[in-house]
Structure formats: C-alpha cells, structure tokens
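# Fold and contact review
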Amino acid sequence: MRLRIGIAVVMAAFLTAGCGSDRVTRPSIPPGPGPYPGLINPYSVLDALQLAYQARDTNEIKVIYHDQYDGSSIDQTDPSPALVHFTKGDEVAHVSALRRSSSVTTVSMMQIPNRVRFYDAADPVGWATIRDPFSSIQVSDATVTHVVDIAHDTMEFKFIPTPSPSSSTDTTWKIIRWTEVRNP
C-alpha cells in the first residue's frame, strides 16, 4: 500500500511539473504577478506593459507592441537635440538586455491612477492616445538606481485596435506609437 501511495505522489509530481506557463524565467528574477490582463483596451495594454517590463518578459513585450510600432525620443535639454527612433525589435532587445544583465536587481514602473484616454484628430480613425501614464520608472542595479525624470518628460502612447486572432468579433489593442520628449 505504501508503495502505491509513493508511486502516486511521484507520478503527481511529474505530471504537475509540466503544467503552467511556457515562459522561461531566470531563477534570480521573481516570477511575474500571474497572468497578464487581456489587451481589451489601451488601459489594459499599459497594465500589461507595466507587468511585463517589471518581470522583464520579452514574450509579453512582443505581444504588446504592434509590428509597425514606431517609438521616438528627443532630449530638448541636449545642446544638439537629436530625434531617436525605436522599433518593436528595439523594445524587445531593451527588455532582453535588462533580463540578461546580472547586475540589474529591480525594474519598476508605476502608473498614475487617473490615466485619460483621448482621440487625436491627426491620427487614423480608431486609434487612441494616453499621455503621461507613468509616475515613476526606475532600473536599479547593485550600485545605483536610474530614475526617469518623469517631471520633465512628456510621454505619449498611441494604441491601435487589431482584430483578435481567436475571434471574428473581438478586438485587441497594441501600442503603435510612443513619443518621449525631455523638456528643459
């Protein structure tokens, strides 16, 4: 009888070991907060972005950004400001570098509680915009914490609705544009 119970316990351990997420996580990074929200509106996309960035999850980052994503950043405090462009691949590579770094200990992104979604008349029909959704973005390593100076940054996220691959009537949202301007 004890042998049967022992075999049942071992079998249960083997069977449950294969269940769960297929995401590969580095042991030194705490596992993510659980399932990501469905990308049913621009707010849930920002929620998923926050969770994926903090977990350094490149798989989810790939899902959040549209294939035609175009990000841009300019530092107006620079004596010779230059506009820098980013692709979806650049965003994935950035998160991947955070994940691979052995010195990065914490990645934090906090949202403001009252994000406002609006429509920009200059955008294609159906797009949505949320400006300045974050109150804090920080990356810490063993010796220093790098903080984005949110007080002097203007960030604008633009979202595009896309048909859901799993349903002909559902829509998912993705980030199609991101603009950051560092102001003096």
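Below you will find a few notes about this structure. Along each chain, the written sequence defines residue order, and numbers are assigned to residues from 1. The predicted origin of the model limits local features to residues at a pLDDT of at least 70 and limits the giving and counting of side-chain atom pairs to 80 or more, whereas totals for whole chains, interfaces and linings rest on all residues. Derived side-chain values reflect all non-hydrogen atoms in the structure, with water molecules and hydrogen atoms excluded from consideration.

### Quick notes on the overall build of the chain
Helix and strand assignments come from DSSP, with helices taken as H or I runs of at least 4 residues and strands as E runs of at least 2, each series counted from the N terminus. In terms of helices and strands, the chain carries four helices and nine strands. Helices (α) and strands (β) of the chain occur, in sequence order from the N terminus, as α-α-α-β-β-α-β-β-β-β-β-β-β. Counting the 184 residues in the chain, one finds 36% classified as buried. The accessible surface values rely on the Shrake-Rupley method and a 1.4 Å probe; as for residues, cover is taken only from the protein chains in view. When the accessible surface of the chain is summed, it comes to about 11100 Å², and 59% of that surface belongs to carbon and sulfur atoms. Residue burial is assigned from relative accessible area. The probe radius is 1.4 Å, only protein chains are included, and a residue is buried under 20% of its type maximum, exposed over 50%, and partly exposed in between.

### As for the pairing of strand β9 (residues 171–182)
Only strands joined by at least two bridges in the DSSP assignment are considered to pair. Sheet topology note: the strand β1 (residues 65–75)/β9 ladder contains seven bridges and is parallel. Its bridge partner lying in β9, Asp 70 is registered against Arg 177. Here strand β8 (residues 153–163) pairs with β9 via eleven bridges, running antiparallel. Looking at the pairing, Pro 163 lines up with Thr 171 of β9.

### Considerations on empty space enclosed by the protein
Using protein atoms alone on a 1 Å grid, points that fit a 1.4 Å probe yet trap it form a cavity, whereas open point sets bounded by protein on both sides within 12 Å along at least five of seven lines form a pocket; residues with an atom within 4 Å of a point count as lining. Grid points are joined across faces, edges and corners, and a volume is the space filled by probe spheres set on the points. Scanning the model with the defined rule gives one cavity of 30 Å³ or more in all. Approximately 40 Å³ is the volume attributed to the largest cavity. Taken together, Asp 132, Pro 133, Phe 134, Ile 150, Asp 153 and Met 155 make up the lining of the largest cavity. For this classification, the nonpolar set comprises Ala, Val, Leu, Ile, Met, Phe, Trp, Tyr, Cys and Pro, the charged set comprises Asp, Glu, Lys and Arg, and every other residue, Gly included, is treated as polar. Grouping the constituent residues of the lining of the largest cavity by class yields four nonpolar, no polar and two charged.

### Here we look at the pattern of salt bridges
Here a salt bridge means any side-chain nitrogen of Lys or Arg lying within 4 Å of a carboxyl oxygen belonging to Asp or Glu. With the rule as written, the count across this model stands at seven salt bridges. A salt bridge links Glu 156 to Lys 158; its shortest N-O distance comes to 3.6 Å. Assessed through its relative accessible area of 14%, Glu 156 is described here as buried. A single salt-bridge network, built from bridges that share partners, covers Asp 120, Asp 123, Arg 131, Glu 156 and Lys 158.

### Concerning helix α2 (residues 42–55)
Owing to its 3.6 residues per turn, the α-helix brings residues three or four apart onto one side. Given a rise of 1.5 Å per residue, 14 residues ought to cover 20 Å, and the 20 Å separating the end C-alpha atoms of α2 matches this to within 8%. Residues of α2 that are buried: Pro 42, Ser 44, Val 45, Leu 46, Ala 48, Leu 49, Gln 50, Ala 52, Tyr 53 and Ala 55. Polar contact is the term for a pair of N or O atoms within 3.5 Å; when the atoms are in protein, one must be able to donate a hydrogen and the other to accept it, and sequence-neighboring residues count only if both atoms are side-chain atoms. Capping of α2 at its N-terminal end is provided by Asn 41; its side-chain oxygen lies 3.0 Å from the backbone amide nitrogen of Tyr 43. Once α2 ends, the next one or two residues include Arg 56, with phi positive near 55 degrees. To estimate how far a helix should extend, the number of its residues minus one is multiplied by 1.5 Å.

### Considerations on the packing of aromatic side chains
In this analysis, rings of Phe, Tyr and Trp, with Trp reduced to its six-membered ring, are considered paired at centre separations within 6.5 Å, and the interplanar angle assigns stacked below 30 degrees, edge-to-face beyond 60, and tilted for intermediate values. Here the structure, examined in full by the defined rule, presents five aromatic pairs. Pairing Phe 134 with Phe 157 gives two aromatic rings, centres 5.7 Å apart and planes at 75 degrees, and the pair type is edge-to-face. Taken as a pair, Phe 134 in strand β6 (residues 134–141) and Phe 157 in strand β8 lie far apart in primary sequence, 23 residues in all. Both residues of the pair, Phe 134 and Phe 157, count as buried. Relative to Trp 178, the ring of Phe 157 has its centre 6.5 Å away and its plane inclined at 45 degrees; by these criteria the two rings are tilted. Taken together, the residues span a long stretch of sequence, with Phe 157 in strand β8 and Trp 178 in strand β9 at a distance of 21 residues. With respect to burial, Phe 157 and Trp 178 carry one shared label: buried. Ring pairing ties together the aromatic residues Phe 86, Phe 134, Phe 157, Phe 159 and Trp 178, which thus form one cluster.

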